[in-house]
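Survey of secondary and tertiary structure
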Amino acid sequence: MNLNAPVTALTAMLLVPLLMRLAIGVIRKRKEHQVAVGTGNHADLEVAIRAHGNFIEYVPFVLVLLLCAEVNASPLWLTVPAGLALVAGRWIHASAIPAGDIAKRVRGMKLTFASVALATLANIAPFIIALATKA
């Protein structure tokens, strides 16, 4: 059996529990406040929605970048750190939002942005390698 995108798969699997935790957090707050759509002016519901939303805004894009990089045979020394930075950044960020810990939230975002940069570099590498081998 051959794994074609193990870094992407492992990264996604490590983020599933966080996705579920964030989604369930929104569902619980909606049920608690009897709000089907929007926030109903409940600050705690807005926090839960934004924590989940922020996760959804970043994770799929980085996973697509990682998948493309792996499909194009990018080296593991670029894809693995990108996946690790995404997982660490998202877990840190998600725990910081409800706690109101701005410094921790910034650390989580820095790691997330690092994952975007690394995954982008991981996509550039195969192009450079292909050009170098054809020259």
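Here goes a summary of the coordinates provided. Nothing here was measured: the structure is a model prediction, and the numbers come from that model.

1. Regarding the side chain of Glu70
Note that Glu70 resides in helix H2 (residues 43–71). Arg90 provides the closest opposite charge to the buried, salt-bridge-free Glu70, at an N-O distance of 18 Å. Of note is the side chain of Glu70, whose polar atom sits 2.9 Å from the backbone nitrogen of Val7. With residues up to four places along the chain from it excluded, the contact list for Glu70 reads Asn4, Ala5, Pro6, Val7, Thr8 and Thr79.

2. Digging into the packing of H2 against helix H3 (residues 76–99)
The geometry of a pair of packed helices is captured by two quantities: the angle between their axes and the separation between those axes. Contact pair H2 / H3: the axes reach a minimum separation of 10 Å and the direction vectors enclose 180 degrees. In this view, H2 runs roughly antiparallel relative to H3, as classed from their interaxial angle. Side by side, H2 and H3 meet where Val47, Ala51, Asn54, Phe55, Tyr58, Val59, Val62, Leu63, Leu66, Ala69 and Glu70 of the first sit next to Thr79, Ala82, Gly83, Leu86, Arg90, His93, Ile97 and Pro98 of the second. Of the residues assigned to the contact of H2 with H3, the class counts are 13 nonpolar, four polar and two charged.

3. Some thoughts on H2
An ideal rise of 1.5 Å per residue puts 42 Å on 29 residues; H2 measures up with 42 Å between its terminal C-alpha atoms. Backbone geometry just after H2 places Ala73 at a positive phi near 60 degrees.

4. Comments concerning the side chain of Ser115
Its location among the elements puts Ser115 in helix H4 (residues 102–134). Not counting residues within four places of it along the chain, the set of residues in contact with Ser115 comprises Val62, Ala82, Ala85 and Leu86.

Calculation rules
- Residues numbered from 1 in each chain as written.
- Predicted model: local features only at pLDDT ≥ 70, side-chain atom pairs only at ≥ 80, totals over all residues.
- Heavy atoms only, no water.
- Helix = DSSP H or I, 4+ residues; strand = E, 2+ residues; numbered from the N terminus.
- Buried < 20%, exposed > 50% of the residue type's maximum accessible area, 1.4 Å probe, protein only.
- Lys, Arg positive; Asp, Glu negative; His and termini not counted.
- Salt bridge = Lys/Arg side-chain N within 4 Å of Asp/Glu carboxyl O.
- Polar contact = N/O pair within 3.5 Å; in protein donor to acceptor, adjacent residues only side chain to side chain.
- Contact = heavy atoms within 4.5 Å.
- Axes fitted to C-alpha atoms, helices over the stretch in contact; angles between N-to-C directions.
- Parallel < 35°, antiparallel > 145°, perpendicular 65-115°, else oblique.
- Nonpolar A, V, L, I, M, F, W, Y, C, P; charged D, E, K, R; others polar.
- Expected span 1.5 Å × (residues − 1).

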